[in-house]
Amino acid sequence: MSYVVAVRALCEFTARAGDLDLRFTPAPSALEGMAGHGLVQSRRSATYESEISLSGQYENLRVRGRADGFDPQTGQLEEIKTYRGTLEGVRPHQRAVHWAQAKVYGHLLCQARGLMSLRVALVYFNIGTGEETVLLETHDAESLQSLFEEQCASFLAWAQSETAHRTARDAELEALQFPMERFRTGQRELAVAVYRSARADEGGQCLMAQAPTGIGKTMGTIFPMLKACPGQGLDKLFFLTAKGTGHGLALQALSIVNQRIGQQATLSQRQPSLKRNGLRVLSLQAREKTCEHPDKACHGDSCPLARGFYDRLPAARAEAIQLEQPWGPQAVRTLALAHQICPYYLSQELVLWSDVVVADYHYYYGSSAMLYAWTQERPWNVGVLVDEAHNLVERARSMYTSELSPFSLADARQAATGPVRKALNRLYRHWNKISNEQVADYQAYEAVPSALVGSVQLVVREIAANMADKPLPPSDPVLNFYWEALQFLTLAEQFGDHALFDVSLRAEYGGRSQVPASTLCIRNVVPAPYLAERHAASHATVLFSGTLSPPKFYRDVLGLPENTGWIEVDAPFQPEQLNVQTVGHISTRYQDRERSLQPIADLVARQYERQPGNYLCFFSSFEYLQQVADCLQRTHPLLPLWPQTPNMDKERREAFLSRFTEQGQGVGLAVLGGAFSEGIDLPGQRLIGAFVATLGLPQFNPVNEQMKLAMNRHFGATKGYDYTYLFPGLRKVVQAAGRVIRTEQDQGTVFLIDDRYQRASVRALLPRWWHVRPHRST
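Only a predicted model underlies this, so the values are computations on that prediction, with no experimental measurement involved.

In terms of regular secondary structure, the protein is built from 26 helices and 24 strands. Relative to the compact-globule value of 28 Å for 778 residues, the protein shows a C-alpha radius of gyration of 30 Å, a close match. In the protein, buried positions account for 54% of the 778 residues. Taking the contacts inside the protein whose residues are at least 6 apart along the sequence as the reference set, 78% of them involve residues at least 24 apart. For the protein, the exposed area adds up to about 34,000 Å²; of that, 50% sits on carbon and sulfur atoms. Here the protein contributes 79 positive and 79 negative side-chain charges, whose respective centroids are spaced 4 Å apart.

A separate point is the side chain of T241. Its place among the elements puts T241 in strand β8 (residues 236-241). Looking at T241, its side chain comes within polar contact range of the main-chain oxygen of K243, at 3.4 Å. Excluding residues that lie within four positions of it along the chain, T241 makes contacts with G246, H247, A359, D360, Y361 and D387.

Our next topic: the sheet that holds strand β15 (residues 518-524). Strand order in the open sheet made by the four strands is β12-β15-β14-β13, with antiparallel pairing throughout. Edge positions in the sheet fall to β12 (402-404) and β13 (442-445), since each has one partner strand and no second. In this sheet, adjacent strand axes meet at a mean angle of 20° when their direction is disregarded. In this structure, strand β14 (residues 499-505) lies alongside β15, joined through seven bridges in antiparallel fashion. Directly across from A499, in β15, lies its bridge partner N524.

Glancing now at the packing of aromatic side chains. The final tally for this structure, using the stated rule, is 32 aromatic pairs. An angle of 90° between the planes, with centres 5.7 Å apart, marks the rings of F13 and F155 as edge-to-face. Here F155 lies in helix α4 (residues 141-175) and F13 lies in helix α1 (residues 7-14), a separation of 142 residues in the sequence. You'll find F13 and F155 in the same group, each marked buried.

Cut-offs and rules
Residues numbered from 1 in each chain as written. Predicted model: local features only at pLDDT ≥ 70, side-chain atom pairs only at ≥ 80, totals over all residues. Heavy atoms only, no water. Helix = DSSP H or I, 4+ residues; strand = E, 2+ residues; numbered from the N terminus. Rg over C-alpha atoms; globule rule 2.2 N^0.38 Å. Buried < 20%, exposed > 50% of the residue type's maximum accessible area, 1.4 Å probe, protein only. Contact = heavy atoms within 4.5 Å. Areas by Shrake-Rupley, 256 points an atom, 1.4 Å probe, with all protein chains shown as cover. Lys, Arg positive; Asp, Glu negative; His and termini not counted. Charge placed at Lys NZ, Arg CZ, Asp CG, Glu CD. Polar contact = N/O pair within 3.5 Å; in protein donor to acceptor, adjacent residues only side chain to side chain. Pairing = 2+ DSSP bridges. Axes fitted to C-alpha atoms, helices over the stretch in contact; angles between N-to-C directions. Phe/Tyr/Trp six-rings, centres within 6.5 Å; stacked < 30°, edge-to-face > 60°.

Okay, here's the thing in C-alpha cells:
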C-alpha cells in the first residue's frame, strides 16, 4: 500500500519536541500570515522563486508540499513563519517543527535539482513591525537526506501500524453481529434507519430519530453506525452527549461491542499473531476534571507534566495502542502519569488514533470545537451520533451567546496601563452612553451599535499587541476581559436575525465606581447558521431522543438540511400501562396559583391514599413548589414529602433519589426541567406516578418576548409563540412524565394539571401511545 503525506503533517508528527507550552500569545490571522509571506517574498531579488512545488519518495511513502522560497544566486531555501510580539513567543516545540519543515524541503529541493549543499533559512516575520529575523544553517545534501529518511521511517512505521489496525478493525466490524441476545421492540427499526442514513450515497446525510425510553437507543444507534464504517470508509465515530448519564451509557454499549468482537475472534479460531484488534474508544473529559495541577499554568516552567511533554508523548502513545481497555479518564490518567505527561492533553492527542470518541456536545458543535476543526483539517470521514438531541437547542444557544460583564471591564481597567487602559476607557464611555440613553430596564436592539463594535475591536487589538510583548498569566483580569471581548466581537461580526443584541440595566451596578450600569449581550436565538456547517461536515449525523416533536421545529432551529430523514419508533409500551389524566378544573397560570394550591394538594393526597407508593410532583418554579409543599404540610401532615431545594450538589441529589426504593412511599417535589425531570431511571415500584402542575412554558419575561419576536422574523409570524414557548414547554412535560414508565412491565399514573391540557394543539404534542382522558374527581 502507498501513502501520501504533506510536509507539514509529517513534521508535526515526527519533530515536535520539548515542553507543552500554552501561554497565550496572539497569533496572526490566516490572512495576515498570507500577506506576511507575500511581503517577505516581494523583498527578494528578481531571480527569487516562490511557492515551489516539491515531492519525494521514501519506500512507499510520498511526501509533498510547497517551499516558501528559494534564491538560486545565494543557494538559500527559506521557510517563512509569521508571528506577533517578541520572537520568544514562538515556543521551542514550534521551532522544532519549523526547522524540520525547512530541512525536509531542503532535501526535496536538493533531490529535484541535484544540489550538493544548501543554505537552509528560517525567516521569522513580525506582522506588527515588519521586521525579519533570519536563522541560517548550511547542510550538505547527504545530511538532509538522512534527516528526511529518519522522519519518513518514523512516520511510515506508524502509518503502517495504523493501516493494519484499520484493516483489522473494518474486518471485525463487517463480521460483527448484534452484541445483545436479541433486538428489543423498536430497536431493530431504529438500527435499520440509522444504517440506511449512513449508507446514503452523498455525505452530510442527517436523520432525526424519536424513540422512547426502553428500546435501547444507545446500542440501536452505535451498532448500525459501526456496521456502516467499512463500506462507507468512516474514519471515526463521534458520540456526543449533553450529560454524564449518556456518556456512561455510550461507554457501556461500546464495551459490550468490544466484548462481542473478542468472542467472535475466539470463535473464528484466529491465529495468535492475529490477536483481536477491537475498537479504540476514547472518553473525553473536561479539563477541570482531569487536570492534575490546577494551581499551575500549562507550560514547562510551571507544571511538571508539561515539561518535556512532546519528548515523552511518542512512548505514551505507543503504549496506549496496546491497551485493550477503553481510553477512559482513569486509564488515560494512569498511562499519562506513568510517562509523566499531562492526562488532559494526552487524551486530546489520542483523538487522532481513536475509532470512537465519546464527548460533550461542545467538542463538535462549539465555536472553537476541536473535533470539528480536526475533521476539517485532516480531513476525516466521520459519523456523528447526538444523544438526547433535544438538549442541543439550549446548549447550542449558550455556545453562541456572549455577555460583556461590567465588573470584568472594571477589573480590567483597574489592572491595565498605557494604550490598553485608554482603549478600555473608550469602551467604558461608549458602554455608559448606551446605558444612559436607555429608558427600560431591558431593551433589545436591531443591531450592535457600530461605535460599540469599534471600541471592542480597539480593545482586542491593543490587548493583543500588549500580550505579544508581555504574555499575561491565565488569572489576569485584562486577559479575562480579552476573552470576553474577543467572543463578543466574533459574534458581533456574524450578527443577523438569528440573534439579539440586548442591554440589561442594573441599578446596583451604578453604585460601584467605574462600573457601567448595564450588561451587554449578544444572545443567540436560532443556532442553525452555526450548526449547519457542522452537519454538512459529517458523512452522516443522527440526532436521537425520546422527544423530538414536532420535527420541523428541531430541523429549523438546529439548521438541519431539508432532506433530513425522520423516524418515530413505536413505544414498546401499551396504553394500559400508563393512566394519563388531564386535570382541567385547575389553572397553574401565575395569576391563578394561589387558588390552585389547595386543589393540587388534595389531588396528590387523594391519589396517594388510593394507591400508596412513590410519586414525583413537578412545578414550574421553586417558589410554586414550596407553596404547594406548605399547603400539603398544613392540610395533609401525614403525607411523606421530600422537596428538591435550589443548588443541590451531587450528594444531595443522590440522597433525594435514594428515597425512591421498591418498598418506599412518599412524594418527591421537583422543578420541571431540573435535575429530576429527565435523565433519571426509577423503574418498577421505585416510581409509580407523577403530577405535572404546569405546562412547562418558559417564563413570560422581556427576554423571552424578544426571542419570540426574533423567531417570528426568522421563521414567520405564526411560529414565534410555538417555537419559544409551547414546543419547549411540552417537551419538558413529556420528559418528566416519561420517568414513570421505564420498562415493559411498569405500571403508573400521570396527572397533567392545567386547563390548557384540554386544548387539541397541546394534546397533539403528547406521545401518540398515550391514552389521555379527563380526570374525574370523586
